[in-house]
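Spelled out from the first residue to the last, the chains are:
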Amino acid sequence: MLRIEKITAGYRKITILQSVSAEVQEKEIVAIVGSNGAGKSTLLRSISGFLRPFSGQIFFRKEEISQLPSHAIVDKGIVQVPEARQLFPQLTVLENLDLGSFPHRARAKRNERLSHVYQIFPRLNERKDQHAGSLSGGEQQMLAIARALMGCPRLLMLDEPSLGLAPLLVEHIFDTVQEIRSAGVSILIVEQNVFESLQLSDRAYVLENGEIVLKGTGEELLNHAKVKSAYLGI
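Computed from a predicted model, the values in this text were never measured in an experiment.

Engineer: I would appreciate a short explanation of the environment of Arg-113 in the present structure.
Structural biologist: Note that Arg-113 resides in helix α5 (residues 110–120). With 39 residues separating them along the chain, Arg-113 and Cys-152 place their C-alpha atoms 7.6 Å apart. Setting aside residues no more than four positions away along its own chain, Arg-113 makes contact with Leu-149, Met-150, Cys-152 and Pro-153.

Engineer: How should unusual backbone geometry be read in this particular structure?
Structural biologist: Most peptide bonds adopt trans geometry, and most residues besides glycine take a negative phi value. For Lys-6, which is not a glycine, the phi torsion comes out positive at approximately 50 degrees. Within the secondary structure layout, Lys-6 lies in strand β1 (residues 2–11).

Engineer: What is the right way to read the packing of aromatic side chains from this model?
Structural biologist: The tally for this structure, following the rule as stated, stands at zero aromatic pairs. Arg-3 extends its terminal NZ or CZ atom over the ring of Phe-59, reaching a point 4.4 Å from the ring centre. Here the guanidinium or amino end of Arg-107 rests over the ring plane of Phe-102, the centre of that ring lying 4.7 Å away.

Engineer: I'm lost on the environment of Lys-40 in this one. Help?
Structural biologist: Tracing the backbone through its elements, the reader meets Lys-40 in helix α1 (residues 40–48). With 17 residues separating them in the primary sequence, Lys-40 and Glu-23 have C-alpha atoms 14 Å apart. For Lys-40, the side chain forms a polar contact with the main-chain oxygen of Ser-35, separated by 3.0 Å.

Reading the values: rules and limits
Residues numbered from 1 in each chain as written. Predicted model: local features only at pLDDT ≥ 70, side-chain atom pairs only at ≥ 80, totals over all residues. Heavy atoms only, no water. Helix = DSSP H or I, 4+ residues; strand = E, 2+ residues; numbered from the N terminus. Contact = heavy atoms within 4.5 Å. Phe/Tyr/Trp six-rings, centres within 6.5 Å; stacked < 30°, edge-to-face > 60°. Lys NZ or Arg CZ within 6 Å of the ring centre and 35° of its normal. Polar contact = N/O pair within 3.5 Å; in protein donor to acceptor, adjacent residues only side chain to side chain.

Right under this line is the structure:
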């Protein structure tokens, strides 16, 4: 579904990613793990069109998207849940969700998608008239994911979804990710919570200093000596 070929990217003259290659198959959960500053969010921003790669190519469903603007990439079916949620705090839950259905391919399915996200997150239905800024951290993360689902994603990209959440809420968010995949959506997840994300994923990549240094199934990397030592404290 998604193929990244030797992407080099960064900000102005500063290179963050160096010749990164990765892929996501249909209905697959793929994790990109690594420490803070490794380049994980830069990779997602490159896929989403917020950054133009210095070199390399990105293909989605066999079509190159490396030079497309962000709104065109969303219309293709790639939707990102940004780090720190980036909700509109003065708008209600429902108004935030409605903004998620703005992409052209999602507008006609607005009511269907709204029922779907309320099934996944019934608490959002209870809070639909409440301002997003008044929600708890866990509820805001639910809303950020639900808003992305309103856009009818084929590939959902999650940037640090567990950031700042209590362990029970983290477990709930990761259970929800499994549920979303079961509905036919591919998932690319970027996480500092290495143990949870590797347990969740079908395959994973370890990113260090802008380069892929390890790849394999989630289980293989959980049992890899370097991952145990550097990220799991074992």
